[in-house]
Amino acid sequence: MTRDLMHQDDILAAVRRAYRAIPAGAGRAMAGRLYQSLADVPDAAVEWSLGVGDPVRHAGLRPGERVLDVGCGGGIDTVLAAREVGAEGHVTGLDMLPEMCDRARAAVDEAGVGGWCSFTTGRMEAIPLPDASVDVVVSNGVLNLSPRKSRALAEIFRVLRPGGRMCVADLTVEEDLPPEVLTSDSAWAGCISGALSERVFTHKLEKVGFASIEISERMAFGIDDVALYPLFDADVLDLMRRTIPAERQHDVCAGVIVRARKPS
Ligand SMILES: C[S@@+](CC[C@H](N)C(=O)[O-])C[C@H]1O[C@@H](n2cnc3c(N)ncnc32)[C@H](O)[C@@H]1O
């Protein structure tokens with residue numbers, strides 16, 4: 001199985017290095033394609049947008065709910081979720097990089113929703129929150145980055161209350177990518193090397209205990225689309241153009257919305 005070509009610690013270090021080094025996200029061009037409305041979202045959060053979908057739009061958040069945004073990055077979804085749950089609710093942003101948490105904190109303050117948001121630095125594979133402490137987990141372009149996805153999903157399951165739900169945007173890949181791409185640090189940081197197929201993603205969710213699993217809203221990403229993200233350097237884009245068959249180059253992966261419920 002080619003997906004295990006890199007050591008977990010090497011992947012984690014490569015992802016950390018890559019996200020520390022980028023000067024900004026994919027910006028308004030990509031965010032404009034992913035989100036239906038960005039009215040009143042602070043510019044900096046839009047510029048730092050690095051996601052692959054609009055999970056908050058599909059999460060059905062209600063006033064008063066407690067939400068966890070896993071891998072909050074610059075905070076675009078934290079702001080959107082905080083607007084939905086209002087001051088009676090709460091949104092926690094989790095990111096392994098303290099600088100991302102700082103950016104997200106500045107974004108929620110600028111958006112006027114900071115009073116019911118908090119941030120914590122930590123890893124999705126060991127979420128620093130108590131069991132059954134949130135109603136909804138959202139996440140955008142983050143699970144792909146974990147070399148220990150079953151562990152990350154088990155952590156999401158643990159922190160959800162019974163009857164709670166997750167709604168995440170993530171990349172899926174239906175046909176194995178060439179090994180040269182799978183072992184590229186840049187392609188790992190860009191989320192495609194760690195992407196699962198829909199079938200494997202569903203299977204992992206079932207094994208962790210989730211029910212009502214639903215995958216929808218497939219948006220194809222080609223090489224020209226992923227090139228908009230600052231994580232893909234010229235070498236890896238060139239490698240992808242040389243090694244991925246021409247007929248697949250406009251449809252290398254898909255941004256999908258994955259919804260599931262923790263049984264009551
Ligand atoms: C592709 S970006 C997405 C950011 C944000 N969700 C968005 O939509 O703009 C991935 C984010 O996940 C964070 N991250 C990567 N691996 C992580 C891990 N193991 N635990 C927690 N955060 C992680 C990165 O620091 C980065 O901010």
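Now for a look at the structure at hand. (Residues numbered from 1 in each chain as written. Predicted model: local features only at pLDDT ≥ 70, side-chain atom pairs only at ≥ 80, totals over all residues.)

In a pair of packed helices, the angle between the axes and the distance between the axes together describe the arrangement. Closest axis-to-axis distance for the helix H7 (residues 149–159)/helix H10 (residues 198–208) pair is 9 Å, and the angle between their directions is 50 degrees. As the angle between them shows, H7 and H10 are arranged oblique. Between H7 and H10 lies a crossing whose hand is right-handed. Of the residues in H10, those touching H7 at Lys149, Ser150, Leu153, Ala154 and Phe157 are Lys204, Leu205, Lys207 and Val208. Considering only residue class, the contact of H7 with H10 consists of 5 nonpolar, 1 polar and 3 charged. (Axes fitted to C-alpha atoms, helices over the stretch in contact; angles between N-to-C directions. Helix = DSSP H or I, 4+ residues; strand = E, 2+ residues; numbered from the N terminus. Parallel < 35°, antiparallel > 145°, perpendicular 65-115°, else oblique. Left-handed = near helix turned anticlockwise from the far one by under 90°. Contact = placed C-beta atoms within 7 Å. Nonpolar A, V, L, I, M, F, W, Y, C, P; charged D, E, K, R; others polar.)

Inspection of the region around the ligand gives 25 residues, with Gly51, Gly71, Gly73, Asn140 and Gly141 positioned closest. Taken together, the elements giving at least two residues each to the shell around the ligand come down to helix H1 (8–21) and helix H5 (76–85). For the shell around the ligand, the per-class residue count stands at 12 nonpolar, 9 polar and 4 charged. (Near = placed C-beta within 6 Å.)

Here we come to the sheet that holds strand E6 (residues 211–221). Strands sit in the order E3-E2-E1-E4-E5-E7-E6 across an open sheet of 7 strands; the sheet is mixed. At either margin of the open sheet sits one strand with a lone partner, and together these are strand E3 (117–121) and E6. Adjacent strand axes in the sheet meet at a mean angle of 15 degrees when their direction is disregarded. Sheet topology note: the E6/strand E7 (residues 253–261) ladder contains 7 bridges and is antiparallel. When the bridges of E7 are listed, Ser216 appears paired with Ile257. Along the sheet, helix H6 (residues 98–110) contacts strand E2 (90–95) and E3; its crossing angle with E3, the most-contacted strand, is approximately 175 degrees. The strands that H7 touches are strand E1 (66–70), strand E4 (134–140) and strand E5 (160–172); relative to E5, the one it contacts most, it runs at about 150 degrees. (Pairing = 2+ DSSP bridges.)

Turning our eyes to something else, we now look at the pairing of E5. Counting buried positions over the 13 residues of E5 gives 10, a clear majority of the element. Inspection of the sheet shows E4 paired to E5 by 6 bridges, in the parallel sense. Bridge pairing links Val138 to Cys167 in E5. Traced from E4 through H7 to E5, the parallel crossover comes out right-handed. In this structure, E5 lies alongside E7, joined through 8 bridges in antiparallel fashion. Among the inter-strand pairings, Arg165 is bridged to a residue of E7, identified as Arg261. (Buried ≥ 20, exposed ≤ 12 C-beta atoms within 10 Å, placed from the backbone. Right-handed = clockwise from strand over helix to strand, strands pointing away.)

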